[in-house]
Amino acid sequence: MAPPHSSFDSAAPDAVSAATPAFSPLYQQIKGLILQSLQAGEWKPGEAIPSEMDLAARFRVSQGTVRKAIDELAAENLVVRRQGKGTFVATHAEQHVRYRFLKLVPDSGDEGPAQRSILECRRVRASAEVARALQLRTGDSVVQVRRVLSFGDVPTILEDIWLPGNAFKGLTAEQLAEHQGPTYVLFELEFGVRMVRAEEKIRAVAADAQQATLLAVADGAPLLSVERLSFTYNDLPMELRRGLYRTDSHHYRNELS
């Protein structure tokens, strides 16, 4: 990673060319350097990043080049521009993105936030499948969480979550249960990990006996299985989540554009 005060001086081009293709536009290289600083935690979620003028001076490029890099970061929901105030690192605490990755919505009405029941939170050795998804080695330490999310006291989502052990040292069931608001905000505040994008696989499944009991449905009842792999900056996977959703009073809603 480039040091905090690196610039496009005589040494900087070598560092950039080693990390990016020679044909990469200059603004893309600046975007990459800003991403490196975000990943390193130089600017925390919710904090302001330096002005375009300051970044232009730091990297020895034009403000237009910096502006184009920030335009892309804003379009990808990595930073947020606020008129008259500056540009800020995006956070899941922002009201309009608080539940950005949760696509299960009620068929009617606003049911409010979910009630969480943490069934398990423990450190385990990563299976080959989990390790492959999180780019770890088989047997590496991961935090495994199992929980039920209820809406209106009706158990609706059963989730199994795996997190890299090194990045989430000290995570406890009590933290997960007591935190008010999206879990991704907890990850930002307590562990400095921001999930910036996710990939999902969705299929229909039938509930087995244990799943049926936890979700208060009949054995064999239809459920929606959603496997999500969430990434932090620079496409580094930081969470594998497998959820089973009841859809008798909810539906999965996605916006396509």
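No experiment lies behind these values; they were computed from the predicted model shown.

Before we go on, may I ask you to explain helix 2 (residues 26–40) in this structure?
What sets the pattern is the α-helix's 3.6 residues per turn: residues three or four places apart point alike. Given a rise of 1.5 Å per residue, 15 residues ought to cover 21 Å, and the 21 Å separating the end C-alpha atoms of helix 2 matches this to within 8%. Every buried residue of helix 2 is accounted for by Tyr27, Gln29, Ile30, Lys31, Leu33, Ile34, Leu35, Ser37 and Leu38. In the segment just after helix 2, Gly41 is the residue with positive phi, at about 85°.

Help me understand the nonpolar core in this model?
Soluble globular proteins tend to pack their nonpolar side chains together in the buried interior. Counting residues in each nonpolar core, the largest one holds 20 residues, and the members touching the most others are Ile34 and Leu55. Of all elements in the fold, only helix 2, helix 3 (52–59) and helix 4 (63–75) reach the threshold of two or more residues within this core. Element by element, the count of residues in this core is highest for helix 2, at 5 residues. Ile161, Leu176, Phe191 and Met195 belong to the second-largest nonpolar core, a separate cluster that totals 15 residues.

Looking at this model, I keep getting lost on the environment of Ala218. Mind explaining?
Along the polypeptide, Ala218 turns up in the loop between helix 8 (209–215) and strand 8 (222–232). Exposure remark for Ala218: the relative accessible area of 54% places this residue in the exposed category. Along the primary structure Ala218 and Ala206 are separated by 12 residues, whereas in three dimensions their C-alpha atoms are 9.7 Å apart. With residues up to four places along the chain from it excluded, the contact list for Ala218 reads Ala207 and Ala212.

Explain the pattern of salt bridges here, please?
When charged atoms on two side chains of opposite charge get close, those side chains can pair. Scanning all chains against the criterion turns up 19 salt bridges. We note a salt bridge from Asp248 to Arg246, for which the minimum N-O separation is 2.6 Å. Among the residues examined, Arg246 registers a relative accessible area of 12% and is labelled buried. In this structure, a network of salt bridges that share partners links the residues Glu52, Arg67, Asp71 and Arg81.

When you look at the packing of aromatic side chains in this model, what are you seeing that I'm missing?
For any pair of aromatic rings, the description rests on two quantities: the centre-to-centre distance and the angle between the ring planes. Under the defined criterion, the tally for this structure stands at 3 aromatic pairs. An angle of 70° between the planes, with centres 4.9 Å apart, marks the rings of Phe168 and Phe187 as edge-to-face. With Phe168 in the loop between strand 6 (154–164) and helix 6 (173–178) and Phe187 in helix 7 (residues 183–191), the pair connects residues that are 19 residues apart, well separated along the chain. Each member of the pair Phe168 and Phe187 is classed as buried. With centroids separated by 5.3 Å and ring planes inclined at 45°, the aromatic side chains of Phe168 and Phe191 adopt a geometry described as tilted. Placement of Phe168 in the loop between strand 6 and helix 6 and of Phe191 in helix 7 is noted, with a sequence separation of 23 residues between them. Ring pairing ties together the aromatic residues Phe168, Tyr184, Phe187 and Phe191, which thus form one cluster. Over the aromatic face of Phe88 sits the side chain of Arg82, whose NZ or CZ is 4.3 Å from the ring centroid. For Arg197, the ring lying beneath its charged end belongs to Phe231, and the centroid distance is 4.2 Å.

So what exactly am I meant to see when it comes to the environment of Gln36 here?
Here Gln36 shows up in helix 2. The exposure class assigned to Gln36 is partly exposed, which follows from its relative accessible area of 22%. For the pair Gln36 and Tyr233, spaced 197 residues apart in the sequence, the C-alpha separation amounts to 7.9 Å.

Looking at this model, I keep getting lost on the pairing of strand 8. Mind explaining?
Side-chain positions along a regular strand alternate between the two faces of the sheet. Counting buried positions along strand 8 gives 9 out of 11 residues, so the element sits mostly inside the fold. Looking at chain direction, strand 7 (residues 197–206) and strand 8 are connected through 10 bridges and run antiparallel. Bridge assignment links Ala206 to a residue of strand 8, and that residue is Pro222. Of the pairings in the sheet, the one linking strand 8 to strand 9 (residues 236–245) comprises 9 bridges and is antiparallel in character. Bridge assignment links Phe231 to a residue of strand 9, and that residue is Pro237.

Scoring rules and cut-offs
Residues numbered from 1 in each chain as written. Predicted model: local features only at pLDDT ≥ 70, side-chain atom pairs only at ≥ 80, totals over all residues. Heavy atoms only, no water. Helix = DSSP H or I, 4+ residues; strand = E, 2+ residues; numbered from the N terminus. Expected span 1.5 Å × (residues − 1). Buried < 20%, exposed > 50% of the residue type's maximum accessible area, 1.4 Å probe, protein only. Core = buried A, V, L, I, M, F, W, Y, C linked by side-chain atoms within 4.5 Å. Contact = heavy atoms within 4.5 Å. Salt bridge = Lys/Arg side-chain N within 4 Å of Asp/Glu carboxyl O. Phe/Tyr/Trp six-rings, centres within 6.5 Å; stacked < 30°, edge-to-face > 60°. Lys NZ or Arg CZ within 6 Å of the ring centre and 35° of its normal. Pairing = 2+ DSSP bridges.

Fair warning: the whole summary comes from geometry, so function is off the table for now.
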